[in-house]
Amino acid sequence: MTKSYLLPTAALLVTLLSSAVFAQTQPPIPFRLQQNYITGLSSPIMLTHAGDGTQRKFIVEKAGIIKVFQPGSTTPTIFMNIAGRVRSASSEQGLLGLTFHPNFATNGYFFVNYTRETDGATVVSRFSATNNNTLGDANSERIVITVAQPFTNHNGGMIDFGADGFLYIGMGDGGSSNDPQNRSQNVNELLGKFLRINPDVSGNNTNPPYTNPPDNPYIGITGRDEIYAIGVRNPWRWSFDRENGELWAGDVGQGAWEEVSKITLGGNFGWRVYEGNACTGLDPSLCVPSNFTMPVFQYANAGARCSITGGYVYRGSRNALPRGSYVYGDFCSGEIFLWHNGVQNLLVDTNRNIASFGEDESGELYVVSLGGTIDRIMGNKAPADFDGDGRTDLSVFRPSNGRWYIIRSSDQGYREFHWGVAGDIPAPKDYDGDGKTDIAVFRPSEGFWYIINSSDNTIRTQWWGQDGDVPVAGDYDGDGKADIAIYRPNEGMWYIIRSTDLALIMFNWGEPGDIPALGDYDGDGRYDMTVWRPSTGHWWTISTRDYAITSLWFGEAGDIPTPGDFDGDGKTDQAVFRPSTGDWYVRRTSDNGIFSVLWGVDGDIPVVGDYDGDERDDVAVFRPSDGVWYIIGSAGQPVPARAWGVNGDLPIPAYDAR
């Protein structure tokens, strides 16, 4: 990652459909990039999280400063400053990596990778956080490992803990060009390798700073015990797939090919014998493909492209990208790519110098530009979004004829579909995980669910429930697909079929008179079991992640619960609509602030949804008496009212909470 620096664009939002680099295929989900999500940084090269449930974002600046952003905030504070011990003058030197120990919440340990001011050597050090883990203590440094660097470039920089609890370190080949000392293939050198060590976190600094896992491939034979894999050139940015633990690495090429590999124990990934899957000619007698692990894919270092920036396998819940696809970019061209179903796709061509991608605690992704900005890859998860464009569609179910009437927000096209009978309860959700809301009903008279999968128009039926049950479908297991679920008011029981493994979950949470209030209140990508109790105005939530219980008073008898993510922080906010006055009251989770707005009259039906596609829910009502929708955009500006429906229709957004 060298080359020229470009200034960031002033645009706030880029919305583009994917187009292919090497094949005429497109990912099934629109790609949306919110530019300038965070600005005013100084050469940022990384964004990460602490994994401690706080949802904080940590940003590493090349000169040696770590900044922290609280949830919902774009104003940072300094977490730690070690600029005085960091050499950052060269384009590939600086504070290059940051990771938090898996038990950071309790032990306060985190680790950094930097090039030392005195000699440019790579230093991986352990630090401690203080003040309830809100500040890094620059005086707590314990050096874990030091690797001398013969040149200023190819320092790698990324460090992270794997699912096995060990610390992985990506090391470049030492620099210059063409690996002049053939270090990557030399198992007695740490350069040009992936290392795996077990750092000491006992608190007893008389212990060795690290030990080596016993199954590292060179334990007991010729070669350095720290080595996990060999034959890489400069794995500047790499990441673990949070679902299966696979290590995906972008390895910067010499001048012909940029590549991405899955790094495995004991693997030899070819450099300097191979660049990508092409023999370099530096050691022609060794060019035997079967002796090496070839990349998953590669692209030509041509035109404006010069240096791959590895990214992440997407596992977030906001449907920003196809689940399990891999996003990456090119530092010089500013292009963002997607590897999906065996094809490389160009998502967008920006004017950024893409230094890194970042992943937050919920699995959502960001683009880090060396020019000083962080862009956010936006989700496409909106209530009642039948066309998958990230915006709520005006839609109703008419019980009198069993028909659905939908206006697509993407093109204002009209769709009418017969699916249901009188007495059915609409149960729209994304059951097949394609990013589009599926048409579905629950039939109380027989306890059956009837679903049309939008991905392939197949029909699914499922018995689950009985007369009097309330459908509460949602993604309780975090796999991106809605689970069939019901709430039984007379028992206060929840009955859920998990889509991941079809396991049946039964949980007592509620009492007669409670109203289910669906949503993801802790921002972990999974629905929580929540009820609102009109008799007391209390919200009762049990987290599906750790079964933590929270209770909050917000509302009064006669209110209608209207939960939604009104502040865009990825967490559901408690909210109520008060028909007697037409007032809405919303408690923001980002700052615990409360806002109210007069919007509606008695008899209106609240229809919370993201009608403008900015990932913040909007205050809205459907007025049965005239069939008109009244919406306030999240920026506070009313949207022109529109008639869609007749008296007796059931507005679909009222049945599809985010």
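Here is what the cut-offs are and how they apply
- Residues numbered from 1 in each chain as written.
- Predicted model: local features only at pLDDT ≥ 70, side-chain atom pairs only at ≥ 80, totals over all residues.
- Heavy atoms only, no water.
- Helix = DSSP H or I, 4+ residues; strand = E, 2+ residues; numbered from the N terminus.
- Rg over C-alpha atoms; globule rule 2.2 N^0.38 Å.
- Buried < 20%, exposed > 50% of the residue type's maximum accessible area, 1.4 Å probe, protein only.
- Contact = heavy atoms within 4.5 Å.
- Areas by Shrake-Rupley, 256 points an atom, 1.4 Å probe, with all protein chains shown as cover.
- Pairing = 2+ DSSP bridges.
- Axes fitted to C-alpha atoms, helices over the stretch in contact; angles between N-to-C directions.
- Polar contact = N/O pair within 3.5 Å; in protein donor to acceptor, adjacent residues only side chain to side chain.
- Lys, Arg positive; Asp, Glu negative; His and termini not counted.
- Salt bridge = Lys/Arg side-chain N within 4 Å of Asp/Glu carboxyl O.
- Disulfide = S-S within 2.5 Å.
- pLDDT = per-residue confidence, 0-100.
- Core = buried A, V, L, I, M, F, W, Y, C linked by side-chain atoms within 4.5 Å.
- Phe/Tyr/Trp six-rings, centres within 6.5 Å; stacked < 30°, edge-to-face > 60°.
- Lys NZ or Arg CZ within 6 Å of the ring centre and 35° of its normal.

We now examine the overall build of the protein chain. Check the secondary structure of the protein chain and you find one helix and 53 strands. The globule rule puts the C-alpha radius of gyration for 658 residues at 26 Å, and the 27 Å found for the protein chain is close to it. Summarising its shape, the C-alpha atoms of the protein chain cover approximately 80 × 55 × 45 Å along the three principal directions. Considering the protein chain as a whole, with its 658 residues, one finds that 59% of them fall into the buried category. Relative to all contacts within the protein chain whose residues are 6 or more apart in sequence, the contacts with residues 24 or more apart total 48%. Surface exposure of the protein chain reaches about 24000 Å², of which carbon and sulfur atoms provide 51%.

As a further point, take the pairing of strand β17 (residues 237–240). The side-chain alternation of β17 yields two buried faces, one formed by Arg237 and Ser239 and the other by Trp238 and Phe240. In sequence, β17 turns back onto strand β18 (residues 247–251) through a hairpin of six residues, with Gly245 there showing a positive phi of about 80°.

If you trace the four strands from one edge of the open sheet to the other, you get β4-β5-β6-β7, paired in antiparallel fashion. Only two strands of the sheet have a single partner each, and these edge strands are β4 (44–48) and β7 (77–81). Adjacent strand axes in the sheet meet at a mean angle of 25°, parallel and antiparallel pairs treated alike.

This paragraph deals with the side chain of His101. Along the polypeptide, His101 turns up in the loop between β8 (95–100) and α1 (104–107). At 3.1 Å, the side chain of His101 and the side chain of Asn107 are in polar contact. Contact partners of His101, with chain neighbours within four places excluded, come to Asn107, Tyr109, Phe110, Phe111, Phe161 and Val201.

This part is about the side chain of Glu364. Considering the arrangement of structural elements, one finds Glu364 in the loop between β27 (354–359) and β28 (365–369). For the buried Glu364, no salt bridge is present, and the opposite-charge side chain at shortest range is Arg318, 5.0 Å distant. Here the side chain of Glu364 touches Arg318 through a polar contact of 3.0 Å, landing on its backbone nitrogen. If near-sequence neighbours (up to four positions away) are discounted, Glu364 is found in contact with Tyr314, Gly316, Ser317, Arg318, Ala320, Gly358 and Glu359.

The subject of this paragraph is unusual backbone geometry. Residue Arg272 follows Trp271 across a cis peptide bond; omega there is 10°. Tracing the backbone shows Arg272 in the loop between β19 (257–263) and β20 (274–275). We note that His154 has phi near 60°; this positive angle belongs to a residue other than glycine. Assessed through its relative accessible area of 4%, His154 is described here as buried. The phi angle at Asn457 is positive, at roughly 60°, despite the residue not being glycine. Note on placement: Asn457 falls in the loop between β35 (448–452) and β36 (459–463). According to the relative accessible area criterion, Asn457 is exposed, its value standing at 56%.

Turning our eyes to something else, we now look at the state of the cysteines. One pass over the full model with this rule turns up two disulfides. A sulfur-sulfur distance of 1.8 Å marks the disulfide that ties Cys279 to Cys287. Its torsion about the S-S bond being 70°, the disulfide of Cys279 and Cys287 is classed as right-handed. The disulfide partner of Cys306 is Cys332, and the S-S distance across this bridge is 1.7 Å. Around the S-S axis, the bridge from Cys306 to Cys332 shows a dihedral of about 45° and counts as right-handed. Of this pair, Cys306 sits in the loop between β22 (297–300) and β23 (308–313) while Cys332 sits in the loop between β24 (326–330) and β25 (335–340), placing them 26 residues apart in sequence. For the residue pair Cys306 and Cys332, the accessibility class agrees, reading buried in each case. Taken in N- to C-terminal order, the disulfide-linked cysteines of the protein chain are connected 1-2, 3-4.

Looking now at the pattern of salt bridges. Where charged atoms of side chains with opposite charge meet at close range, the side chains can pair. One pass over the full model with this rule turns up 38 salt bridges. Between Glu243 and Arg315 there is a salt bridge whose closest N-O contact spans 3.2 Å. Remark: Arg315 occurs in the loop between β23 and β24 and Glu243 occurs in the loop between β17 and β18; sequence separation between them is 72 residues. The salt bridge involving Asp591 is made with Arg588; its shortest N-O contact spans 3.1 Å.

Its location among the elements puts Pro471 in strand β37 (residues 470–471). Residue Pro471 is classed as buried on the basis of its relative accessible area of 16%. Those residues in contact with Pro471, other than ones at most four positions away along the chain, are Ile425, Pro426, Ala427, Phe442, Trp449, Ala485 and Ile486.

Our focus in this paragraph is the pairing of strand β34 (residues 439–443). Burial within β34 is extensive, with five of its five residues counted as buried. As judged from the two bridges shared by strand β33 (residues 425–426) and β34, these two strands associate in the antiparallel manner. The residue of β34 that forms the bridge with Pro426 is Val441. Bridging between β34 and β35 involves five bridges; their strand directions are antiparallel. Note on β35: the bridge partner recorded for Ala440 is Ile451. A loop of four residues connects β34 with β35, the two strands running antiparallel in sequence, and Gly447 in this loop sits at a positive phi of about 75°.

As a further point, take the confidence of the model for the protein chain. Counting all residues, the mean pLDDT for the protein chain is 93, and 96% of those residues have values of 70 or more. Counted against residues more than four places away or in other chains, residues 1–21, with its pLDDT under 50, gives 71 contacts.

Attention shifts here to the nonpolar core. One finds Ile66, Phe110, Val112 and Ile336 to be the most contacted residues of the largest nonpolar core, which totals 70 residues. The next biggest cluster of nonpolar side chains, apart from the first, holds 20 residues, and it includes Phe111, Val144, Ile159 and Ile227.

Turning next to the sheet that holds strand β31 (residues 403–407). Here we have four strands laid out as an open sheet, ordered β32-β31-β30-β53, and antiparallel in their pairing. Each edge of the open sheet is held by one strand with a lone partner, namely β32 (414–418) and β53 (650–651). Across five bridges, the pairing between β31 and β32 is antiparallel. Counterpart to Ile406 in the pairing with β32 is Arg415.

Considering all chains together, one arrives at 35 aromatic pairs under this definition. Following the ring pairs from residue to residue traces out a cluster consisting of Trp248, Phe297, Tyr299, Tyr326, Tyr328, Phe337 and Trp339. A cation over an aromatic ring shows up here: Arg237 above the ring of Trp236, its NZ or CZ 3.8 Å from the ring centre.

Structurally, the position occupied by Arg658 is in the segment after β53. Along the backbone, Arg658 and Gln637 are 21 residues apart, and their C-alpha atoms lie at a distance of 21 Å. In this structure Arg658 touches Lys381, Pro383, Tyr527, Asp565, Asp610, Glu615, Arg616 and Asp617, once residues within four positions along its chain are discounted.

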